[in-house]
Amino acid sequence: MPGEIVTTVMIRPEEFSRRRQRLMAEVGEHSMVVLAAAPERPRNGDTFYPYRQDSDFLYLTGFNEPEAMLVLLPGREAGEQILFCRERDPDRERWDGPRLGLDGAREQLGFDDAFPITDLDDILPGLMEGCSRLHHLVGKDAGLDQRIIGWRNRLRAESKGEKGPGEIVSLEHLLHEQRLIKSRDERRCMARAARISADAMTRAMQVCKRGMNEAELTAELFHEYQRHGCPPAYLPIVAGGTNALVLHYIANNQPLPDDGLVLIDAGCEFEGYAADISRTFPVNGRFSAPQREIYNIVLAAQYAAIDEVRPGRPFQAFHDAAVRVLVEGLVELGLLPGDVDTNIEQGLFRRFYMHKTGHWLGLDVHDVGDYRIDEQSRVLEKNMVLTVEPGLYIGDDDDIPAHFRNIGIRIEDDVRVTEGEPEVLTERVVKAPDDIEQVMRG
Ligand code: GLY
Ligand code: MN
Ligand code: MN
């Protein structure tokens, strides 16, 4: 199988520090930033759901443990960047594995200071003293919202109302705008996630044959992710035949139809960065003529859309380009009545294409960042990364010619905005019908 195993860390500690510096420059002096790690989620007994750090917290710290709090205090002479985290504890570490601890946070993650998380209530009100504004993710965690108010009120009471932040403002916008533009280290992680995810998709194509179950293809994806130490970025969709018409199908446990298609939408994450790929291919290795006709419409729509992923173009443009090509194809096949413009203006195509053509991609598969600014579709900039994923989902209504019924197709790639041609991060996995058939022949 292709793809060497990479275990090195791609994001350097200086980068996390640089991200914190940038955020501090944005919020300015006399402000503070407070951000919590994701909690562990118990499933039952002493079994937990797989731990996944909060993406905002991971972005600013590179710290992958629960029970931690980041505090940034721009301009504070005694130290601007503080981490509260769990202390080393040999007894607990014997059961749960190593902890970075306070020294590790200072030495390996570049924090000016680190304190035990158990001291948070004692220390945090004091850190608020010189601050007039506190930024955090207001409304994300009601418990933390209350604790912050409590810390502030305590400081206020102790100082007769003289100290403590008068304003509590949401951090979301500043932080998420920063995450939207991908740095060099981030691009390397995303390229790696894309490569492993593409190889996993190729593997599924190679092993697919009549008589298999969706679950077996799902296992092939996971095999490729896991051997690189990568978790899935989201629950994969492995949908044979009509299951592809269920947009969020995740059961992945049904027999594949001998002469039908299978739609796979799957990607892994590398150092937290997601890939998100969809391919649709014939279970038996050969597209039928009607399957190929519909497939080629989606493929043409995807190429047209990718061509719009350029700096200066509005985000909306690649969706509009995809819709136009899809509608042209559907009108030509007689699946939509009337002319192209009317179908677009009246939204009649939504019967067969009911989702948008893409989304931001990064630490989250549907990544953060505004899509509209001042009620206008925002303009694409270099080093934004997004998915381009047109599809067609044709049910079995009486007015559909029998040979086009029950076909669900989506083709999805991850694309970076560059100064030149759009960079398709996931192009390793084939998508032209002849190429798919060739890969499936082996
Ligand atoms: N895999 C989720 C999506 O394509 O948006
Ligand atoms: Mn997807
Ligand atoms: Mn997607």
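In what follows, the structure referred to is the one given above.
Since the model is a prediction, treat every value here as computed from it, not as a measurement.

Criteria and cut-off values
Residues numbered from 1 in each chain as written. Chains lettered and ligands numbered in written order. Predicted model: local features only at pLDDT ≥ 70, side-chain atom pairs only at ≥ 80, totals over all residues. Heavy atoms only, no water. Pairing = 2+ DSSP bridges. Helix = DSSP H or I, 4+ residues; strand = E, 2+ residues; numbered from the N terminus. Axes fitted to C-alpha atoms, helices over the stretch in contact; angles between N-to-C directions. Contact = heavy atoms within 4.5 Å. Donors = N, O, S within 2.8 Å, 3.2 Å for Na, K, Ca; no water. Tetrahedral: all angles 85-135°; square planar, octahedral: opposite > 155°, others 65-115°. Near = heavy atom within 4 Å. Polar contact = N/O pair within 3.5 Å; in protein donor to acceptor, adjacent residues only side chain to side chain. Areas by Shrake-Rupley, 256 points an atom, 1.4 Å probe, with all protein chains shown as cover. Nonpolar A, V, L, I, M, F, W, Y, C, P; charged D, E, K, R; others polar. Buried < 20%, exposed > 50% of the residue type's maximum accessible area, 1.4 Å probe, protein only. Core = buried A, V, L, I, M, F, W, Y, C linked by side-chain atoms within 4.5 Å. Phe/Tyr/Trp six-rings, centres within 6.5 Å; stacked < 30°, edge-to-face > 60°.

Participant: How do you make sense of the sheet that holds strand S7 (residues 133-136) when you look at a structure like this?
Facilitator: Across a sheet, paired strands are connected by hydrogen bonds in the backbone, their directions being either parallel or antiparallel. Overall, mixed pairing links the six strands, which are arranged S6-S5-S4-S1-S7-S8 in an open sheet. One side of each edge strand has no neighbouring strand; the edge strands of this open sheet are strand S6 (113-116) and strand S8 (167-170). Between one strand axis and the next, the sheet turns by 20° as a mean value, whatever way the strands run. As paired elements, S7 and S8 share four bridges and run parallel to each other. Paired with Leu134 across the bridge in S8 is Ile168. Sheet contacts for helix H4 (residues 101-109): strand S5 (81-85) and S6; angle to S6, the most-contacted strand, approximately 160°. Across the sheet, helix H6 (residues 142-158) is in contact with strand S1 (31-36), strand S4 (69-72), S7 and S8; its angle to S7 comes to roughly 165°.

Participant: Whenever I open this one, the coordination of the manganese ion (ligand 3) confuses me. Can you help?
Facilitator: Note on metal sites: the ideal angle is 109.5 degrees for four tetrahedral donors, and 90 or 180 degrees for six octahedral donors. Within the first shell, the manganese ion (ligand 3) binds the protein through Asp276 (OD), His359 (NE2), Glu389 (OE) and Glu412 (OE), at distances of 2.0 to 2.2 Å. What the six donor atoms of the manganese ion (ligand 3) show is an angle range of 51 to 155° at the metal, which sorts the shape as irregular. Mapped onto the polypeptide sequence, the residues donating to the manganese ion (ligand 3) form the spacing pattern D-x82-H-x29-E-x22-E. Separating the manganese ion (ligand 3) and the manganese ion (ligand 2) is a distance of 3.3 Å, and Asp276 donates to both of them.

Participant: Just to check I follow, could you spell out the sheet that holds strand S19 (residues 413-416) for this structure?
Facilitator: The sheet built from three strands is open, its strands ordered S16-S19-S20 with antiparallel pairing. At either margin of the open sheet sits one strand with a lone partner, and together these are strand S16 (385-388) and strand S20 (423-424). Note that S19 and S20 share two bridges and pair antiparallel. Its bridge partner being in S20, Arg416 is matched across the sheet by Glu423. Running over the sheet, helix H10 (residues 289-306) touches S16, S19 and S20 and is turned about 155° from S16.

Participant: Would you mind showing me how to read the site of ligand 1 here?
Facilitator: Near ligand 1 the following residues occur: Tyr234, Asp265, Asp276, His359, His366, Glu389 and Glu412. Asp265 places a polar side-chain atom, nitrogen or oxygen, 3.1 Å from a nitrogen atom of ligand 1. Within the side chain of Glu412, an N or O atom sits 3.2 Å from an oxygen atom of ligand 1. Contact with the protein chains hides 83% of the accessible area of ligand 1, taken as 200 Å² for the molecule alone. Its residues assigned to classes, the shell around ligand 1 shows one nonpolar, two polar and four charged.

Participant: What exactly am I supposed to notice about the coordination of the manganese ion (ligand 2) here?
Facilitator: Surrounding the manganese ion (ligand 2) are the protein donor atoms Asp265 (OD), Asp265 (OD), Asp276 (OD) and Glu412 (OE), which sit 2.0 to 2.4 Å from the metal. With six donor atoms in place around the manganese ion (ligand 2) and angles of 58 to 170° between them, the coordination shape is irregular. All donor residues of the manganese ion (ligand 2) come from one chain, and their arrangement in sequence is D-x10-D-x135-E.

Participant: Sorry if this is basic, but what is going on with unusual backbone geometry here?
Facilitator: Glycine aside, residues mostly have negative phi angles, and peptide bonds mostly take the trans form. A positive phi is found at Glu271, a non-glycine position, where the angle reads about 50°. On the secondary structure map, Glu271 appears in the loop between strand S11 (269-270) and strand S12 (273-274). By relative accessible area, Glu271 is classed as partly exposed at 28%. Phi is positive for Asn406, which is not a glycine, with a value near 60°. Within the fold, Asn406 resides in the loop between strand S17 (391-394) and strand S18 (407-410). Judged by its relative accessible area of 31%, Asn406 is partly exposed.

Participant: Is there a simple way to think about the nonpolar core in this case?
Facilitator: Nonpolar side chains in soluble globular proteins tend to be buried together. By size, the foremost hydrophobic cluster in this structure holds 114 residues, and its most contacted members are Leu217, Val262, Ile264, Leu386 and Leu392. The leading source of residues in this core is helix H8 (residues 184-207), at 10 residues. In this structure, Ile264 is in contact with Met201, Ala204, Leu217, Leu221, Ile237, Val238, Ile277, Ser278, Arg279 and Phe281, ignoring residues within four places of it in sequence. Core analysis: the next-biggest nonpolar cluster, separate from the first, contains 18 residues, Val34, Met69, Ile82 and Ile117 among them.

Participant: So what exactly am I meant to see when it comes to the packing of aromatic side chains here?
Facilitator: Within a pair of aromatic rings, the relevant descriptors are the distance that separates the centres and the angle that separates the planes. Counted under the stated rule, the structure contains seven aromatic pairs. Here the aromatic rings of Phe84 and Phe115 are separated by 5.5 Å at their centres, their planes lie at 40°, and the arrangement is tilted. With Phe84 in strand S5 and Phe115 in strand S6, the pair connects residues that are 31 residues apart, well separated along the chain. Assessed through its relative accessible area of 0%, Phe84 is described here as buried. Plain terms: the ring middles of Phe222 and Tyr225 are 6.1 Å apart, the flat faces sit at 75° to each other, and that makes the pair edge-to-face.

Shape descriptors only; they carry no functional weight alone.
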